[in-house]
Amino acid sequence: MEYVVISGTELRASRIGLGTWAIGGSMWGGTDEVDAIRSIHAALDAGINLIDTAPVYGFGRSEEIVGRALAETGRRSRVILATKVGLEWTSSQEICRNSSPGCIRAEIDHSLRRLRTDVIDLCRPEQLDTVKNFFGWNTDKNIRRDIETILGEEIGEAISPDSMAPPQ
């Protein structure tokens, strides 16, 4: 496995990460938790140490499964957890943007609990930028500044995926 040092940190992330949207199950017809955990363990065994998840994946189910898988292996300290903030599902299963300070703080608290950790290594509000292409949402610089301030207060230095770009 090839790894890259994330600029400005001591974190070494695998160039290949494990995305966990599908194990959330809500849009994919359900999840077999045992198979999902086996998949996470197999990824870790193959040297993948970057796991991407989000509160919006299966109403938090993805984060719960990732947390359980890491707790079972005791390898949390060797994994870089990436999650996102600012998107939520309504009860009618529609995605809506909510970048209010209260929502972001609540999302971080819930993510920490579901992931069974006290640290989120990467938190990515810039994921909202691509969503606007599909839903017409716009996050102006004031909202982004507020999000970055909250992340700084809640989880320390937020690290962007830009710092993980392949070398030129």
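An account of the accompanying structure is given in this report. (Residues numbered from 1 in each chain as written. Predicted model: local features only at pLDDT ≥ 70, side-chain atom pairs only at ≥ 80, totals over all residues. Heavy atoms only, no water.)

**Focus: the packing of helix α2 (residues 61–73) against helix α3 (residues 101–115)**
Part 1 of the reasoning: Direction vectors running N to C along α2 and α3 enclose 40°, while the axes themselves pass 7 Å from each other. Classified by the angle their axes make, α2 and α3 are oblique. Taken together, the residues of α3 that come into contact with α2 (itself represented by E63, E64, V66 and G67) are S111, R114 and L115.
Part 2 of the reasoning: For the contact of α2 with α3, the class distribution of residues is two nonpolar, two polar and three charged. (Axes fitted to C-alpha atoms, helices over the stretch in contact; angles between N-to-C directions. Helix = DSSP H or I, 4+ residues; strand = E, 2+ residues; numbered from the N terminus. Parallel < 35°, antiparallel > 145°, perpendicular 65-115°, else oblique. Contact = heavy atoms within 4.5 Å. Nonpolar A, V, L, I, M, F, W, Y, C, P; charged D, E, K, R; others polar.)

**Some remarks on α2**
Part 1 of the reasoning: Given a rise of 1.5 Å per residue, 13 residues ought to cover 18 Å, and the 19 Å separating the end C-alpha atoms of α2 matches this to within 8%.
Part 2 of the reasoning: Along α2, the residues classified as buried are S62, E63, I65, V66, G67, A69 and L70.
Part 3 of the reasoning: For α2, the elements touching its buried residues are α1 (33–45), β4 (50–52), β5 (80–83) and α3.
Part 4 of the reasoning: Phi turns positive one or two residues past the end of α2, at G74, with a value near 70°. (Expected span 1.5 Å × (residues − 1). Buried < 20%, exposed > 50% of the residue type's maximum accessible area, 1.4 Å probe, protein only.)

**Section: the side chain of E33**
Part 1 of the reasoning: For E33, the location among the structural elements is in helix α1.
Part 2 of the reasoning: There is a polar contact of 2.7 Å between the side chain of E33 and the side chain of R61.
Part 3 of the reasoning: Once residues lying within four places of it in the same chain are set aside, the contact partners of E33 are R61, I65 and R68. (Polar contact = N/O pair within 3.5 Å; in protein donor to acceptor, adjacent residues only side chain to side chain.)

**Focus: the packing of aromatic side chains**
Part 1 of the reasoning: Considering all chains together, one arrives at one aromatic pair under this definition.
Part 2 of the reasoning: Residues W21 and Y57 carry aromatic rings whose centres are separated by 5.3 Å and whose planes lie at 10° to one another, so their mutual orientation is stacked. One end of the pair, W21, is in the loop between β3 (17–19) and α1; the other, Y57, is in the loop between β4 and α2, and 36 residues separate them in sequence.
Part 3 of the reasoning: Judged by relative accessible area, which is 9%, Y57 ranks as buried. (Phe/Tyr/Trp six-rings, centres within 6.5 Å; stacked < 30°, edge-to-face > 60°.)

**A word on the pattern of salt bridges**
Part 1 of the reasoning: Summed over all chains, the structure comprises ten salt bridges.
Part 2 of the reasoning: A salt bridge links E72 to R68, with the shortest nitrogen-to-oxygen separation between them at 3.1 Å. With E72 and R68 both in helix α2, this residue pair falls four residues apart, about one helical turn.
Part 3 of the reasoning: A relative accessible area of 32% places R68 in the partly exposed class.
Part 4 of the reasoning: Because the salt bridges share partners, they merge into one network encompassing E33, R61, E64, R68 and E72. (Salt bridge = Lys/Arg side-chain N within 4 Å of Asp/Glu carboxyl O.)

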